[in-house]
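Working through the structure, step by step
Residue strings, one per chain:
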Amino acid sequence: MDAMEIRRNAIVELVNKYGTVSFSQIKEQFSNVSEMTLRTDLKALDEAKEIVRIHGGAKSVQLVIGTDDYLTRRAVRNIQAKQEIARKALKLIQPDTAIFMDSGSTTTELAKIFPDQSNLIYTTGLSCATELANLTKPVIMLPGGQLNRYSISVYGISAIRELEQVNFHQTFLGVTGYSMKAGFTCGNNEEAMLKRTAIEQAEQVVVLMDASKTDIKSTYTICGLADVDIIISDGNLPKEFLLACETHHITVY
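What you see is a predicted model, and the numbers here were worked out from it, not measured in a lab.

**Comments concerning the domain arrangement of the protein chain**
Partitioning the protein chain into domains gives domain 1 (3-63) and domain 2 (71-252). Taken over C-alpha atoms, the centre of domain 1 sits 35 Å from the centre of domain 2.

Structural data, given as structure tokens:
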């Protein structure tokens, strides 16, 4: 292990020890290292997801565990696949229906191309609401709750209680991953509860997921294949997954 690896490991240990540290604290701890080198270290550690860079310092990944990756990072990954999924999903939407639109980068792509027509749309995604705000005919509802600063979404018991009062024609659901053992998963327990509520309140459950989400197991299970009616993908889902969908009579687009 060279000096750079030793130093970066020490930075991670420092950040994990205190949870959140300022850049001045890091400089004080590594006083023999230049400021430029330390900033390079923080950038590399953030990209490796060993720490989370914040304004003026760094935060332990442990403090944000239970959240999914930053929406801004997810939004630029597999963008063409997400746009294709959004276009397919759009064909399923009928006017004069009530829709739940989950938070996430793929649902945000759907919100960008949503038609200006009469719908009642509940969404927990602030990025979705921002895109939908450009339309004049749909009624857009944001349930109250706690802000998830990483996924830019609303979650919590208040939001769940509000969704329990609404009967949706369709729920468009985003997921962090799917594994045969754990089912569809995400990284936050309260968000998983909220997604389950949106599933229970819907006549039709549509999961939006590209192939990169398969064989990925996050912390909290949302639901299994038996709870889903339709899966919309980029057309690259593995054969094993497609066979499982066929067994559960799930339509895959």
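Moving on from the model shown.
**A closer look at the nonpolar core**
Membership of the largest hydrophobic core comes to 32 residues, with the highest contact counts inside it found for Phe184, Met209, Ile222, Leu225, Ile231 and Phe241. Counting residues per element, the ones that place at least two in this core are β4 (98-101), α9 (157-163), β9 (168-174), β11 (183-186), α10 (189-200), β12 (202-208), β13 (220-223) and α11 (239-247). For this core, the element with the most residues is α10, which contributes four residues. With sequence-adjacent residues up to four places away left out, isoleucine 222 is seen in contact with Leu173, Gly174, Val175, Phe184, Thr185, Cys186, Ala192, Lys195, Arg196 and Ile199.

**Considering the sheet that holds strand β1 (residues 20-22)**
Strands sit in the order β1-β3-β2 across an open sheet of three strands; the sheet is antiparallel. Unpaired on one side and paired on the other, β1 and β2 (51-54) mark the two borders of the sheet. Strand after strand, the sheet turns through a mean of 25 degrees between neighbouring axes, direction not considered. Judged from the four bridges that link them, β2 and strand β3 (residues 57-60) form a sheet pairing that is antiparallel. Counted as the bridge partner of valine 52 is lysine 59 from β3. Across the face of the sheet, helix α1 (residues 3-18) comes into contact with β1, β2 and β3 while running at roughly 120 degrees to β1. Together, β2 and β3 form the strand contacts of helix α3 (residues 35-47), whose direction differs from that of β2 by roughly 125 degrees.

**Examining the sheet that holds β13**
Pairing within the open sheet is antiparallel, and its three strands lie in the order β10-β11-β13. Every interior strand has two partners, whereas the edge strands, β10 (177-179) and β13, have only one. Ignoring strand direction, the axes of neighbouring strands in this sheet form an average angle of 45 degrees. Across three bridges, β11 lies against β13 in antiparallel orientation. Bridging across to β13, cysteine 186 finds its partner in tyrosine 220.

**Remarks on unusual backbone geometry**
Trans peptide bonds make up most of the peptide bonds, and negative phi angles are found at most residues other than glycine. Despite not being glycine, aspartate 215 has its phi angle at roughly 60 degrees, a positive value. Here aspartate 215 shows up in the loop between β12 and β13. Overall, the relative accessible area of 60% leaves aspartate 215 in the exposed class. The phi torsion at histidine 249 lies on the positive side, around 60 degrees, for a residue other than glycine. Take histidine 249: it is sitting in the loop between α11 and β15 (251-252).

**Points about the packing of α1 against α3**
Across the interface, α1 lies against α3 with an axial gap of 10 Å and an inter-helix angle of 70 degrees. In terms of orientation, α1 lies roughly perpendicular with respect to α3. Contact residues: α1 offers Met4, Arg7, Arg8, Ile11 and Val12, while α3 offers Thr37, Leu38, Thr40, Asp41, Leu42, Ala44 and Leu45.

**Considerations on the pattern of salt bridges**
Using the criterion set out here, one finds eight salt bridges in the structure. Between arginine 7 and aspartate 41 there is a salt bridge, with the nearest N and O atoms lying 2.5 Å from each other. Here arginine 7 is found in helix α1, whereas its partner aspartate 41 is found in helix α3, with 34 residues between them in sequence. For the pair arginine 7 and aspartate 41, a shared accessibility class is recorded, and that class is buried. The network of salt bridges with shared partners includes Arg7, Arg8 and Asp41.

**Some remarks on the UniProt feature "domain: HTH deoR-type" (unreviewed entry) in the protein chain**
According to UniProt, the "domain: HTH deoR-type" (unreviewed entry) feature falls on residues 4-60. For residues 4-60, helix accounts for 61% and strand for 19%, while the C-alpha atoms at its two ends are 20 Å apart.

**Points about the environment of aspartate 2**
Tracing the chain through its elements places aspartate 2 in the segment before α1. Overall, aspartate 2 belongs to the partly exposed group, its relative accessible area being 41%. Sequence separation between aspartate 2 and threonine 185 is 183 residues, and the spatial gap between their C-alpha atoms is 38 Å. A polar atom in the side chain of aspartate 2 sits 3.2 Å from the backbone nitrogen of methionine 4. Here glutamate 5 takes part through its backbone nitrogen, which lies 2.8 Å from a polar atom of the side chain of aspartate 2.

Conventions and cut-offs
Residues numbered from 1 in each chain as written. Predicted model: local features only at pLDDT ≥ 70, side-chain atom pairs only at ≥ 80, totals over all residues. Heavy atoms only, no water. Domains from an automatic or database assignment. Core = buried A, V, L, I, M, F, W, Y, C linked by side-chain atoms within 4.5 Å. Buried < 20%, exposed > 50% of the residue type's maximum accessible area, 1.4 Å probe, protein only. Helix = DSSP H or I, 4+ residues; strand = E, 2+ residues; numbered from the N terminus. Contact = heavy atoms within 4.5 Å. Pairing = 2+ DSSP bridges. Axes fitted to C-alpha atoms, helices over the stretch in contact; angles between N-to-C directions. Parallel < 35°, antiparallel > 145°, perpendicular 65-115°, else oblique. Salt bridge = Lys/Arg side-chain N within 4 Å of Asp/Glu carboxyl O. UniProt positions renumbered as here; feature names shortened; annotations may be inferred. Polar contact = N/O pair within 3.5 Å; in protein donor to acceptor, adjacent residues only side chain to side chain.

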